[in-house]
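Descriptive structure summary
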Amino acid sequence: MSATNAATTLALGSSHGSSPGAQSANAYRTTDPGASTAATGPTGAGSSGTSAGSGRAGTDARSPGTSADQTRSASPDVSGQAATGQSAEPPTPRSNPLPPTAGTSAVPVAPPNQDLALGRPATASSFTQNYVAQNAVDGNTGTYWESQNGSTVFPQSLTVNLGSVTTVGRLVLNLPPVAAWNSRTETLSVLGAGASGGFSTIAGSASYGFNAGSGGNDDTVTVAFGAVHVQYVELVFTANTGWPAAQLSELGVYS
């Protein structure tokens, strides 16, 4: 979209008094938006050495007789994002977000088909085993991020650092396009922040249906909104009808 469009720049968070990596500026997150999750062990948050497949037989919406791990592509070796073996505390709701303020035409506008999140640093409030946040920006729909599991884990957040303030007007969300992933609905909201913090709501909480496993574009959801100027984009998940965790294969960010 054109840089001359009416766009808004998200406030830099002066009332929070901290950067996007600080807890006060982003109480949903358990890690800095631009830093990797600490790694201390081979098993994931919310696990005790048991594979995701062994704990999911007969409960996930995947094909009978096929373990969950058989349907999951191996995640990339992401330094600093191995699972810790300890359950992360569920994030707590943030304080009232700052409203966006008027922007300027100096903020760059990328080509409409350029994924601004591809390969950028990503963090999450929690993750399970090797299903880390970076999987959601690796360009591969066969890998995915999954938060810790449980009936009381929500809300959960996934955040990507775009590197600098840029114009954003559309997100494309994916789940794995494999038959073992049945349809599910995830409820989420979209937040954003400038270089120095001050997260604001870009798109309010809504439920999005993924007809996962059917192929085509049914595994894809598009979230469009008025153009904003942000460096950080965050999804905050509050429900998932298909599994007791937040899940996302790809988070695409576009102008």
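Remember, it's a predicted structure, so these values are computed and weren't measured experimentally. (Residues numbered from 1 in each chain as written. Predicted model: local features only at pLDDT ≥ 70, side-chain atom pairs only at ≥ 80, totals over all residues. Heavy atoms only, no water.)

To continue, consider the environment of phenylalanine 127. If you trace the backbone, phenylalanine 127 turns up in the loop between β3 (122-124) and β4 (145-146). Residue classification places phenylalanine 127 among the buried positions, given a relative accessible area of 4%. Put simply, phenylalanine 127 and glutamine 156 are 29 residues apart on the chain and 9.5 Å apart in space, counted from C-alpha to C-alpha. (Helix = DSSP H or I, 4+ residues; strand = E, 2+ residues; numbered from the N terminus. Buried < 20%, exposed > 50% of the residue type's maximum accessible area, 1.4 Å probe, protein only.)

A separate point is the nonpolar core. In a soluble, globular protein the nonpolar side chains are often hidden away together inside. Formed by 39 residues in total, the largest nonpolar core has its most connected members in Trp145, Leu171, Leu173 and Val253. Looking at this core, the elements with two or more residues in it are β3, β5 (156-174), β6 (184-194), β7 (197-210), β8 (220-240) and β10 (250-254). Dropping the residues within four chain positions of it, leucine 173 is found in contact with Leu188, Phe210, Asp219, Thr220, Val221, Val223, Leu235, Leu248, Glu250 and Leu251. Counting five residues, the second largest nonpolar core, distinct from the first, contains Leu191, Ala193, Phe199 and Val236. (Core = buried A, V, L, I, M, F, W, Y, C linked by side-chain atoms within 4.5 Å. Contact = heavy atoms within 4.5 Å.)

Ring pairs (aromatic) are described by centroid distance and by the angle formed between their planes. As enumerated under the stated definition, the model contains three aromatic pairs in all. Judged by centre distance (4.8 Å) and plane angle (80°), the rings of tyrosine 144 and tryptophan 181 are edge-to-face. Remark: tryptophan 181 occurs in the loop between β5 and β6 and tyrosine 144 occurs in the loop between β3 and β4; sequence separation between them is 37 residues. Residue classification places tyrosine 144 among the buried positions, given a relative accessible area of 2%. Looking at tryptophan 181, the relative accessible area reads 0%, which means it is buried. (Phe/Tyr/Trp six-rings, centres within 6.5 Å; stacked < 30°, edge-to-face > 60°.)

For the chain, mean pLDDT is 71; residues scoring 70 or higher make up 56% of the total. Long-range and interchain partners of residues 1-104, a stretch whose pLDDT sits below 50, account for 253 contacts in this model, where long-range means more than four residues apart. (pLDDT = per-residue confidence, 0-100.)

This brings us to the pairing of β5. Within a regular strand, side chains alternate between the sheet's two faces. Buried residues dominate β5, accounting for 15 of its 19 residues. Sheet topology places β3 next to β5; three bridges connect them, and they run antiparallel. Residue pairing in the sheet places threonine 123 in a bridge with threonine 159 of β5. Across 14 bridges, the pairing between β5 and β8 is antiparallel. Bridge assignment links leucine 173 to a residue of β8, and that residue is valine 221. The pairing of β5 with β10 spans five bridges and is antiparallel. When the sheet's bridge partners are listed, valine 172 is paired in β10 with glycine 252. (Pairing = 2+ DSSP bridges.)

Here the focus is the environment of glutamate 146. Relative to the elements of secondary structure, glutamate 146 occurs in strand β4. On the basis of relative accessibility, which here comes to 0%, the residue glutamate 146 falls in the buried class. For the pair glutamate 146 and glutamine 129, spaced 17 residues apart in the sequence, the C-alpha separation amounts to 8.7 Å. For glutamate 146, the side chain forms a polar contact with the side chain of glutamine 247, separated by 3.0 Å. (Polar contact = N/O pair within 3.5 Å; in protein donor to acceptor, adjacent residues only side chain to side chain.)

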